[in-house]
Amino acid sequence: PLYVSLVIGLLQSKASRYASLLGSANSLLYTVVYASLSLYANAAYALLASFPLQLLTFFRWKKNAYKHSTKFQRLNKKQWIFLAAAFTLSFVVVNLVVGMSGGFDPLCLLAIAACLTFVMEIGQENGAKYRFWVICNSVLWCAYDILSKAWPSMFTHICLLVFTIAGMIIHDRKTKNEVKE
């Protein structure tokens, strides 16, 4: 799944709508990996939240297709509230169900914050704001992985963060060179 995630990151850097379609399939791979590593909350999230969200994103972006990419549209206030509530609720429910024997995991709050940064990320039309929220999201997930000792996830999130930043730098250099010509 890590290598698939890196390809998805490349597709996202080009605003490719196929990133979400591949991401939905990758969520199923992560479900299997997380379950085999006994990371059941992560597996449940990958299957019950990430998979359908990525699939829905693909179909939503398909409506705004521009060749192989998509035109970004700002979310209205009602959509932002709905997404924020859905992410928060999904994380609380998953952590409560998985952690019933041990109770509520305070790390769930960090995961909720990471999900809310994702909501902020997908609602941006401005590239600089989008980049800011992408990096915030990656850093929060790395912190979550470190605190929860989810080393396989941490490796994935650190690689994605590095490749995201590298993709931004490459994109900026390419765009700068195209403008000069």
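For the structure, see preceding data.
Reading the values: the criteria
- Residues numbered from 1 in each chain as written.
- Predicted model: local features only at pLDDT ≥ 70, side-chain atom pairs only at ≥ 80, totals over all residues.
- Heavy atoms only, no water.
- Salt bridge = Lys/Arg side-chain N within 4 Å of Asp/Glu carboxyl O.
- Helix = DSSP H or I, 4+ residues; strand = E, 2+ residues; numbered from the N terminus.
- Buried < 20%, exposed > 50% of the residue type's maximum accessible area, 1.4 Å probe, protein only.
- Contact = heavy atoms within 4.5 Å.
- Expected span 1.5 Å × (residues − 1).
- Phe/Tyr/Trp six-rings, centres within 6.5 Å; stacked < 30°, edge-to-face > 60°.
- Patch = residues over 30% accessible without salt bridge, like charges linked within 9 Å, V, L, I, M, F, W, Y side chains within 5 Å.
- Areas by Shrake-Rupley, 256 points an atom, 1.4 Å probe, with all protein chains shown as cover.
- Core = buried A, V, L, I, M, F, W, Y, C linked by side-chain atoms within 4.5 Å.
- Arc of directions from axis to C-beta.

1. Points about the pattern of salt bridges
Close approach of charged atoms allows side chains with opposite charge to pair. One pass over the structure, following the stated rule, counts one salt bridge. In this structure, Asp-172 and Arg-131 form a salt bridge, with 2.7 Å as the shortest nitrogen-oxygen distance. Taken together, the residues span a long stretch of sequence, with Asp-172 in helix α7 (residues 151-180) and Arg-131 in helix α6 (residues 127-148) at a distance of 41 residues. We classify Arg-131 as partly exposed; its relative accessible area is 23%.

2. What about the side chain of Ser-50?
Topologically, Ser-50 is positioned in helix α3 (residues 40-63). Note on Ser-50: relative accessible area 15%, which makes it buried. In this view, Ser-50 contacts Ser-27 and Tyr-45; residues no more than four positions away in its chain are not counted.

3. So, helix α2 (residues 18-36)
Counted at 1.5 Å a residue, the expected span for α2 with its 19 residues is 27 Å, and the 27 Å between its end C-alpha atoms agrees. Every buried residue belonging to α2 is among Ala-19, Ser-20, Gly-23, Ser-24, Asn-26, Ser-27, Tyr-30, Thr-31 and Tyr-34, and all of these are buried. Trailing α2 by a residue or two, Ser-38 shows a phi angle of about 65°, which is positive.

4. Here's the deal with the packing of aromatic side chains
In total, this model carries three aromatic pairs according to the counting rule given. Taking the centre distance of 5.4 Å and the plane angle of 85° together, the rings of Trp-141 and Tyr-144 count as edge-to-face. Taken together, the residues Trp-141 and Tyr-144, both in helix α6 and three residues apart, mark about one turn of the helix. Neither residue differs from the other here; Trp-141 and Tyr-144 are each classed as buried.

5. Considering a nonpolar patch on the surface
A surface patch of nonpolar side chains, amounting to about 270 Å² of accessible area, comprises Leu-28, Leu-47 and Leu-48. Assignment of secondary structure puts Leu-28 in helix α2.

6. Regarding the nonpolar core
The tendency in soluble globular proteins is for nonpolar side chains to be buried side by side. Tyr-45, Ala-49, Trp-80, Leu-83, Phe-87, Leu-107, Ala-111, Ala-114, Cys-115, Val-119, Trp-141 and Tyr-144 together form the largest nonpolar core, which totals 12 residues. With sequence-adjacent residues up to four places away left out, Ala-114 is seen in contact with Asn-137, Leu-140 and Trp-141.

7. A few points about α6
In this model, α6 (22 residues) spans 31 Å end to end at C-alpha, consistent with the 32 Å of a helix rising 1.5 Å per residue. For α6, the complete set of buried residues consists of Val-134, Asn-137, Ser-138, Trp-141, Cys-142, Tyr-144 and Asp-145. On an axial view of α6, the arc spanned by its buried residues comes to 160°, and they lie on one face. Opposite the buried face of α6, by more than 90 degrees, sit the exposed residues Ala-128 and Leu-147. Phi for Lys-149, located one or two positions after α6, is positive at around 60°.

Honestly, it's all geometry; don't read function into it.
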